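Close look at the chain arrangement
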Amino acid sequence: MSAHLSNGRVNLNILREAARKELREFLDKCAGSKAIVWDEYLTGPFGLIAQYSLLKEHEVEKMFTLKGGRLPAADVKNIIFFVRPRLELMDIIAENISEKNGRPPQMHSPRDFHILFVPRRSMLCEQRLKEQGVLGSFINIDEYILDLIPYDGDLLSMESEGAFRECYLESDQTSLYHTAKGLMTLQALYGTIPQIFGKGECARHVANMMLRMKREFAGSQTQILPVFDSLLLLDRNIDLLTPLATQLTYEGLIDEVYGITNGYAKLPPEKFAAQKKQGEVGKDLPTEPKKMQLNSAEELYAEIRDKNFNAIGAALSKKAKIISAAFEERHNAKTVGEIKQFVSQLPHMQAARSSLANHTSIAELIKDITTSEAFFDNLTVEQEFMTGVDTDKVNTYIEDSIAQKDPLIKILRLVCMQSVCNNGLKQKILDYYKREILQTYGYEHMLTLNNLEKTGLLKPQTSTRNNYPTIRKTLKLWMEDANEQNPNDISYVYSGYAPLSIRLTQVLARPGWRSIEEVLKMLPGPHFEERQQLPAGLHKKRQQGENRTTLVFFLGGVTYAEVAALRFLSQMEDGGTEYIIATTKLINGTSWIKSLMDRPEAP
Amino acid sequence: LPYPKYLQEEGWPPLMYLKESKRAVNSIRSLVEEEDEEDDVEKVSWSGEPVGIYLLDCRWSVHDDVILLWQDYVSDWTPEETVKRMQQGKVYSLEKFRSLQDKLLLLDEAVNAHDGNVITAVLIYLKKSLSKEILFRELITREIALRHYIHYLKEIGEQKLLLMQYRDHLNVRDENKRRDFLKNCLSFPFSPDDATHVQDHYTLLERQIIIEANDKQVESSGQADIFKKYPRKASILNMPIITTLYYSCFYHYGESDGTFSSPANIRKTFRISDKQFLLTCLGARAKLKAWFDVDALFTTKNWLGYTKKRSPIGFHRIVDILQKNNAPVQVLQDYVNLVEDVEQKISLAQKYKCHDVIINTYRDLKDRQQLIVYRGKVEKGSSEYRKIEEILSNSVRRSFP
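Residues numbered from 1 in each chain as written. Chains lettered and ligands numbered in written order. Predicted model: local features only at pLDDT ≥ 70, side-chain atom pairs only at ≥ 80, totals over all residues. Heavy atoms only, no water.

Looking at an unreviewed UniProt entry, chain B carries the name Spermatogenesis-defective protein 39 homolog, with the source organism given as Oncorhynchus mykiss.

Put simply, the rule is: UniProt positions are given in the numbering used here, feature names are shortened, and annotations may be inferred rather than shown by experiment.
The name given to chain A in an unreviewed UniProt entry is Vacuolar protein sorting-associated protein 33A, with Oncorhynchus mykiss as the source organism. Listed under Sequence similarities (unreviewed entry) in UniProt, the entry text for chain A is "Belongs to the STXBP/unc-18/SEC1 family."

Here's the deal with the overall build of chain B
For clarity, the cut-off: In this text, helices come from DSSP runs of H or I with a minimum length of four residues, and strands from runs of E with a minimum of two, each type numbered from the N-terminal end. Contacts were defined at the residue level, with two residues in contact if any of their heavy atoms lie within 4.5 Å. Shrake-Rupley sampling with a 1.4 Å probe provides the accessible areas, and residues are treated as covered by the protein chains on show and by no other component.
Secondary structure assignment for chain B yields 22 helices and two strands. Pairs at least 24 residues apart make up 52% of the contacts formed inside chain B by residues separated by at least 6 positions. Accessible surface for chain B amounts to roughly 22,700 Å². Of this, 51% is attributable to carbon and sulfur atoms.

What about the overall build of chain A?
Quick reminder of the rule: Each residue is placed in one exposure class: buried if its accessible area under a 1.4 Å probe, protein chains only, is under 20% of its type's maximum, exposed if it is over 50%, and partly exposed if it falls in between. By the counting rule applied here, Lys and Arg register as positive and Asp and Glu as negative, while His and the ends of each chain are not counted. The location of each charge is read from NZ of Lys, CZ of Arg, CG of Asp or CD of Glu.
Helix and strand content of chain A: 23 helices and 15 strands. For chain A, the residues scored as buried account for 53% of the 603 residues in total. Taking the intrachain contacts of chain A between residues at least 6 apart in sequence as the baseline, contacts between residues at least 24 apart amount to 79%. Looking at chain A, you have 73 positive and 76 negative side-chain charges, and the mean spots of the two groups are 3 Å apart.

Brief notes about a negative patch on the surface
Residues and elements named next belong to chain A. Rules: Patches were defined on residues exceeding 30% relative accessible area and lacking a salt bridge, with like-charge contacts within 9 Å and nonpolar side-chain contacts (Val, Leu, Ile, Met, Phe, Trp, Tyr) within 5 Å. The salt bridge definition used is simple: a Lys or Arg side-chain nitrogen within 4 Å of an Asp or Glu carboxyl oxygen.
Together, Asp28, Glu59, Glu61 and Asp75 make up a negatively charged patch on the protein surface. Locating Glu59 in the fold gives a position in the loop between helix H3 (52–57) and strand S2 (60–65). Taking relative accessible area as the criterion, Glu59 reaches 41% and is therefore assigned partly exposed.

Details of the nonpolar core
Using the following cut-off: In these notes, a set of buried Ala, Val, Leu, Ile, Met, Phe, Trp, Tyr and Cys residues joined through side-chain atoms within 4.5 Å is what counts as a nonpolar core.
Judged by nonpolar contacts, the single largest core of 224 residues is most densely connected at Leu23, Phe82 and Leu233 of chain A together with Tyr166 of chain B. Formed by 35 residues, the second largest nonpolar core is a distinct cluster that contains Val294, Tyr352, Cys354 and Leu371 of chain B.

Let's talk about the sheet that holds strand S1 (residues 34–38) of chain A
All names here are of chain A. Note the cut-off: Any two strands between which DSSP finds at least two bridges are classified as paired. For helices, the fitted axis covers only the stretch in contact; all axes are lines through C-alpha atoms, and the angles between them, taken along N-to-C directions, range from 0 to 180 degrees.
Taken in spatial order, the five strands make up an open sheet running S2-S1-S3-S4-S5, and their pairing is parallel. At either end of the open sheet lies a strand with only one pairing partner, and these are S2 and strand S5 (138–143). On average, each strand axis in the sheet is inclined to that of its neighbour by 20 degrees, with strand direction left out of account. Sheet topology places S1 next to S2; five bridges connect them, and they run parallel. Of the residues in S2, the one forming a bridge with Ala35 is Lys62. Running over the sheet, helix H2 (residues 40–47) touches S1, S2 and strand S3 (78–83) and is turned about 110 degrees from S1.

Concerning the pairing of strand S6 (residues 149–152) of chain A
All names here are of chain A. Where S6 meets strand S7 (residues 155–157), three bridges bridge the pair, whose relative direction is antiparallel. Paired with Pro150 across the bridge in S7 is Leu156. A loop of two residues connects S6 with S7, the two strands running antiparallel in sequence.

Digging into the interface of chain A and chain B
Many structure descriptions define interface size as the accessible area lost when the parts assemble. Put simply, the rule reads: Throughout, the accessible surface (probe 1.4 Å) given up by two parts as they are put together, summed over both, is called the buried area.
Counting from both sides, the interface comprises 23 residues of chain A and, opposite them, 27 residues of chain B. Summing the contributions of chain A and of chain B, the shared interface buries around 2,200 Å²; its carbon and sulfur component is 52%. Broken down residue by residue, the surface that chain A buries against chain B is led by Gln439, Tyr443 and Met446 of chain A, which jointly contribute 33%. Our enumeration of links across chain A and chain B arrives at two salt bridges.

Regarding the packing of helix H10 (residues 175–185) of chain B against helix H11 (residues 192–221) of chain B
Residues and elements named next belong to chain B. Note the threshold: Here the word oblique covers every angle except those under 35 degrees (roughly parallel), over 145 (roughly antiparallel) and from 65 to 115 (roughly perpendicular). Helix crossings are classified by the rotation of the near helix relative to the far one: an anticlockwise turn of less than a right angle makes the crossing left-handed, while a clockwise turn makes it right-handed. Throughout this entry, Asp, Glu, Lys and Arg are counted as charged residues, while Ala, Val, Leu, Ile, Met, Phe, Trp, Tyr, Cys and Pro are counted as nonpolar. The remaining residues, Gly among them, count as polar.
For the pair H10 and H11, interaxial distance at closest approach is 9 Å and the crossing angle is 150 degrees. As judged from the angle between their axes, H10 and H11 are roughly antiparallel. Classified by chirality, the crossing of H11 by H10 is left-handed. Side by side, H10 and H11 meet where Glu175, Asn176, Arg178, Arg179, Leu182, Lys183 and Cys185 of the first sit next to Val198, His201, Tyr202, Leu205, Glu206 and Ile209 of the second. Class assignment of the residues belonging to the contact of H10 with H11 gives a composition of six nonpolar, two polar and five charged.

As for the packing of aromatic side chains
All names here are of chain B. Quick reminder of the rule: Stacked, edge-to-face and tilted labels apply to pairs of Phe, Tyr and Trp rings (six-membered ring for Trp) whose centres lie within 6.5 Å, assigned for plane angles under 30 degrees, over 60, and everything in between, in that order.
Scanning the model with the defined rule gives 24 aromatic pairs over all chains in all. The interplanar angle of 85 degrees and the centroid separation of 5.3 Å between the aromatic rings of Tyr230 and Phe250 together place this pair among those described as edge-to-face. Of this pair, Tyr230 sits in the loop between helix H12 (225–229) and helix H13 (241–251) while Phe250 sits in helix H13; the two residues are 20 residues apart in sequence, bridging distant segments of the chain. The class for Phe250 is buried, based on a relative accessible area of 9%.

Some thoughts on the environment of Lys271 of chain A
All names here are of chain A. Turning to its location among the elements, Lys271 is positioned in the loop between strand S11 (264–267) and strand S12 (290–293). Classification of Lys271 by relative accessible area gives partly exposed; the value is 34%. Taking the C-alpha atoms as reference points, Lys271 and Ile362, separated by 91 residues in sequence, lie 8.2 Å from one another. When sequence neighbours within four positions are dropped, the list of residues in contact with Lys271 reads Ser361, Glu364 and Leu365.

Regarding helix H22 (residues 560–571) of chain A
Convention followed: In a helix, the anticipated span is given by 1.5 Å times the number of residues less one.
Across its twelve residues, H22 of chain A extends 17 Å between first and last C-alpha, which sits within 8% of the 16 Å expected from 1.5 Å per residue. For H22 of chain A, every residue scored as buried is listed here: Tyr560, Ala561, Glu562, Val563, Ala564, Ala565, Leu566, Arg567, Phe568, Leu569 and Ser570 of chain A.

A closer look at the side chain of Thr82 of chain B
Looking at where Thr82 of chain B falls in the secondary structure, it is placed in helix H4 (residues 79–87). Excluding residues within four positions of it along the chain, Thr82 of chain B makes contact with Trp77, Tyr92, Leu94, Phe97 and Leu106 of chain B.

Remarks on the pattern of salt bridges
Residues and elements named next belong to chain B. Here the structure, examined in full by the defined rule, presents 47 salt bridges over all chains. In this structure, the salt-bridge partner of Glu212 is Arg232, at a minimum N-O distance of 3.0 Å. Of the two residues, Glu212 sits in helix H11 while Arg232 sits in the loop between H12 and H13, which places them 20 residues apart along the sequence. The same class applies to Glu212 and to Arg232, which are both buried. A salt bridge links Asp356 to Lys387, with the shortest nitrogen-to-oxygen separation between them at 3.5 Å.

A closer look at the packing of helix H7 (residues 174–190) of chain A against helix H8 (residues 201–216) of chain A
Residues and elements named next belong to chain A. Following both chains from N to C, one finds H7 and H8 inclined at 50 degrees, their axes separated by 9 Å at the closest point. Considering their axes alone, H7 and H8 lie oblique with respect to each other. Judged by the sense of rotation from one axis to the other, the crossing of H7 with H8 is right-handed. Facing H7, whose interface residues are Leu176, Tyr177, Thr179, Ala180, Lys181, Leu183, Met184 and Gln187, H8 presents Cys202, His205, Val206, Met209, Met210, Met213 and Lys214. The class makeup of the residues in the contact of H7 with H8 is ten nonpolar, three polar and two charged.

Quick notes on the sheet that holds strand S13 (residues 527–531) of chain A
Residues and elements named next belong to chain A. Strand order across the open sheet formed by seven strands is S6-S7-S15-S14-S9-S8-S13, with mixed pairing between neighbours. In this open sheet, the two edge strands, each paired with only one partner strand, are S6 and S13. Sheet twist, expressed as the average angle between the axes of neighbouring strands with direction ignored, equals 20 degrees. Two strands pair when backbone bridges link them, and strand S14 (residues 548–555) and strand S15 (residues 577–583) are joined in this way by seven bridges, in the parallel orientation. Bridge assignment links Phe554 to a residue of S15, and that residue is Thr583. Packing against the sheet, H7 makes contact with S7, strand S9 (230–235) and S14, and its axis sits at approximately 160 degrees to S14.

A short note on the confidence of the model for chain A
All names here are of chain A. Rule in force here: A score from 0 to 100, pLDDT tells how confident the predictor is in each residue.
Averaged over chain A, the pLDDT score is 89; the fraction of residues at 70 or greater is 93%. Summarising per-element confidence for chain A, the mean pLDDT is lowest in helix H4 (residues 87–102) (79) and highest in helix H9 (residues 241–244) (98). Predicted confidence for residues 102–107 stays below pLDDT 50, and this span has two contacts to residues more than four positions away or in other chains.

Side note on the confidence of the model for chain B
All names here are of chain B. Per-residue confidence for chain B gives a mean pLDDT of 78; residues scoring 70 or more make up 78%. By mean pLDDT, the top-scoring element of chain B is H13 (96), and the lowest-scoring one is helix H2 (residues 21–35) (49). Note on residues 14–24: pLDDT under 50 across the span, and 31 contacts to partners over four residues away in sequence or across chains.

Take a look at the structure:
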């Protein structure tokens, strides 16, 4: 299940194993049969660490979802609540437990209650439990520090949805603290990172916290040979443009259209109806969306996920031919030995064929969208903005889309993009867009517009100086004639636009940020370099031609397209660096803007 | 609190550490000062620390007042009595009011007394002793108290709290409560732009409530045909302004601008742009297949009295909207004809089979070739076919000297 985590240069299985060990220890602390009551939000991230089988090994017999009212019946010795430290959840727990106290004598013996807070305990929550009169009912109250979750062999995420909003809108740096803590955990397992680079206010804070935490634990130096050569901390707000653009890689498009959560995508079932599982007797077309796991454990997916979507057709054809040829081999198997060998390959070939069928279906679904007029028109406007065309006028496509009452988030992505590419909109134009939006979608969205202004996404022009064209030119952000089939530059992920964040990463490795001092000054926040002392004898001796390993941490979110771009850099010949990617959250333009919306619940 | 032994021995009741006793000390001081300069009462300043009020000698009058102060403090005054005492500058204690119900009674009494200082003093206590969600929930229905609260928050620089509360309470379910809440929000420290939006939001909801009540009644009584033919699928409450305008153009078209429900009134009140107004009206009238109304939207009389069609948006857009509403070809044709760009005109005409437009355009362009091609596309013997034939033969005649 986790083999793919050791695929990369850094074996992230170690991290996962450490997390599993902690979980096991806690479960064993609550000796005897147990039932877990889950905060629904946690089941996804936990699924990446441990499956039910591990829990079963530690006597977990039942699992329930946390909800109000009475606890469901369960003949177990222990009831453990796995929850985030949120006050409203404490009230539900109290409800679950108090009900018990009031009930008449039960059939089974009294149970022990425990709580596991994820990722941290909270005084406020324990206080709330006390107020509800149930704090004393718990035997074990612990915290399970799940900061960085490995999603793939080169990808870690904290899945902290609110991080961008908290840092850049509410000036709340709690998530940065967790980030620093997560990085300390990482260093405990993979060795001290000798060099820290960063750009942005939040990056600076995280680096400071790391250095301070290191000093506080000065006594306990890890004796592990460092795996990472350097850490690069990047604020999301040095590159607000990239997440707004529609991603054009295969995985990026799946995320844009269907959303990928905890490594799973939910897809419309109709296309997959033909593939019935064994045992399903005469079922009609399934109405449940098909849940598909997407990670590099699936060979075909690993090959195509980061390709530009226009290259997928050819890749799938090629694969189909290879698989067909492999199946044809059966005609060549003459001897018993050869037949035996062929048969032993069958499961693998069947898996490959099923994988091909799935991805062909997905690609067809996505193609329906990318070939639509709406998609094309939208992309055209995006690219106009990115190349600086008419960013200072009211855009008719946006106007028309508002008039047709297209989804609000689509509109917001476009107007924000125009604003970012123009370094703010002229007051008249901003007012016009705002009025059209509020009149068409409702005045309650005023709060969202305020939030977007505060984070710099949709703001009035304060000075006539627009640095974006200079940045674009110096860093070569727009590459005409990007080769989508056989890319030679990271700009293929957006069919011409090179993500600013990744360009900065690329330049840092070679030739270094000194060469772009002027441009760096145009981007918000300080840039810096720190060195951390390594214990004697632990300095890495790199072999001739051996690549450096850099951990890039995006504070505020990263897109799959950016991940693809970094993977591209990693596999570039004589690129010199391989990248491991970490982030507070995997995002796309839609989920990102959504996190900034202040929307009253629909009545 | 070290209670002087001699007082105890003489039977004076112990003086508690009074939370509100700063006022008590000051009251005593003022009483003492009234007497005369020769004080034997040690004046103690109040720093909040438990300090005894020591009587250095027996001043009976001061003693009596101290006893009374104490009694006053521990007595159970009703909200009404408490408020009176506050107005009269007498000692009081708000901590007595523990339950939410009691606190609200106190607040309502304070409001009834119309004394701003008293109201604010009560609000300060409520702010301290209630969660901000509960406090705000109660304040949004108490206009006067809310006004004072806003003022107080502004004074102490906590305006942000107001904006948070605005956000948290936008989803009040009951529309009347929401309307009242919005009205009260008008005095929040919004930026001028935002203030305009909140004003519009309030005005809109206020009018929607009126329109909804009226239309519901009319619909159920079966008086108006339009509701019978096109029964309303949803309430107009909480819909955005453009949606409201569409509704108005659908059900209340042609009403004078004196009524809240008329398109003209809505357009004026909410400063809707010509473009938006036109598009919305067009959508509604096209849905109802009211082609004459659609025509009227675009027709303007010039100074010579001739009518001419104008549009702030391209006619190709108009054509699309009409087509989506299944406008008959005769109607579509007129508008396709008005498309300025020739290529676009031809393409639209072909898409929607407006034969006359195509034929006339090619004729005006003198493009025989295309006419011949198009003749092959139309039905043999149809009027379009005959028309093309006629044009072709006419032009042949003319090309001969």
